[in-house]
Amino acid sequence: PGDWGATITNPSSASEPQVSPMLAVGDATAAVQFYKAAFDANVLWYIEGDGGKESVAIAGLLIHGAPFFLAEESPGNGTRSPDSAGFTTVRIELFVDDPVAMHARAIAAGAVEGSAVREHTHPTLGPRPIKRMLQGSVIDPSGHRWLIGKFLE
């Protein structure tokens, strides 16, 4: 993004590798506004596209220190949003102190409820113990499923 004129903000000083999703959206400006309203996201950078096959709007954002990115869909390059494709293959997990409030905030900002926030047991594999969790889900306006929750123990 620096080569394209964006101002870069390093989301972490960690020297370890990071994984950050890049979400395909139908309208980058609307998506940025949704994520700001729903999840208190901060915009690191935003680059306008010209609407052409090779130039779509993209943005870098942070949700409480966790970086993620979005780009407008580009069917000519094989990229479609879940809303446009009719399905999603990814669930994005958002861990917060108050899942009930964040879930309600996302719905107020335009998300559709996927499931109500409720307490359940989260089975884990391997050496970790089973954990109790408070979690619900929403579908954002671009069709991405967000699971919003926290571990209770």
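Our structure is the block above this text.
Model, not experiment: these values are computed from the prediction. (Residues numbered from 1 in each chain as written. Predicted model: local features only at pLDDT ≥ 70, side-chain atom pairs only at ≥ 80, totals over all residues. Heavy atoms only, no water.)

Glancing now at the pairing of strand β4 (residues 66-72). Both strand β1 (residues 22-25) and β4 contribute to a ladder of four bridges, which runs parallel. Bridged to Leu-23 within β4 is Leu-70. Looking at chain direction, strand β3 (residues 58-63) and β4 are connected through six bridges and run antiparallel. Bridge pairing in β4 links Leu-61 to Phe-68. Between β3 and β4, which pair antiparallel one after the other, the connecting turn spans two residues, and His-64 there sits at a positive phi close to 45 degrees. (Pairing = 2+ DSSP bridges. Helix = DSSP H or I, 4+ residues; strand = E, 2+ residues; numbered from the N terminus.)

Here we come to the side chain of Gln-135. Examined against the element boundaries, Gln-135 turns out to sit in strand β7 (residues 131-139). According to the relative accessible area criterion, Gln-135 is buried, its value standing at 12%. Within the structure, the side chain of Gln-135 is placed 3.2 Å from the side chain of Glu-93, a separation counted as a polar contact. Those residues in contact with Gln-135 that sit more than four places away from it in its chain are Glu-93, Ala-116, Val-117, Arg-118, His-120, Leu-147, Ile-148 and Gly-149. (Buried < 20%, exposed > 50% of the residue type's maximum accessible area, 1.4 Å probe, protein only. Polar contact = N/O pair within 3.5 Å; in protein donor to acceptor, adjacent residues only side chain to side chain. Contact = heavy atoms within 4.5 Å.)

Our focus in this paragraph is the pattern of salt bridges. In the structure shown here, the tally under the stated rule is two salt bridges. A salt bridge links Arg-105 to Asp-40, with the nearest nitrogen and oxygen atoms 3.9 Å apart. With Arg-105 in helix α3 (residues 99-108) and Asp-40 in the loop between α1 (28-39) and β2 (42-47), this pair connects stretches of sequence that are 65 residues apart. For Glu-119, the salt bridge goes to Arg-132, with nearest N and O atoms at 2.3 Å. A residue pair is termed long-range when its members are at least 10 positions apart, and Glu-119 in strand β6 (residues 112-122) and Arg-132 in strand β7 qualify at 13 residues. For Arg-132, a relative accessible area of 32% gives the class partly exposed. (Salt bridge = Lys/Arg side-chain N within 4 Å of Asp/Glu carboxyl O.)

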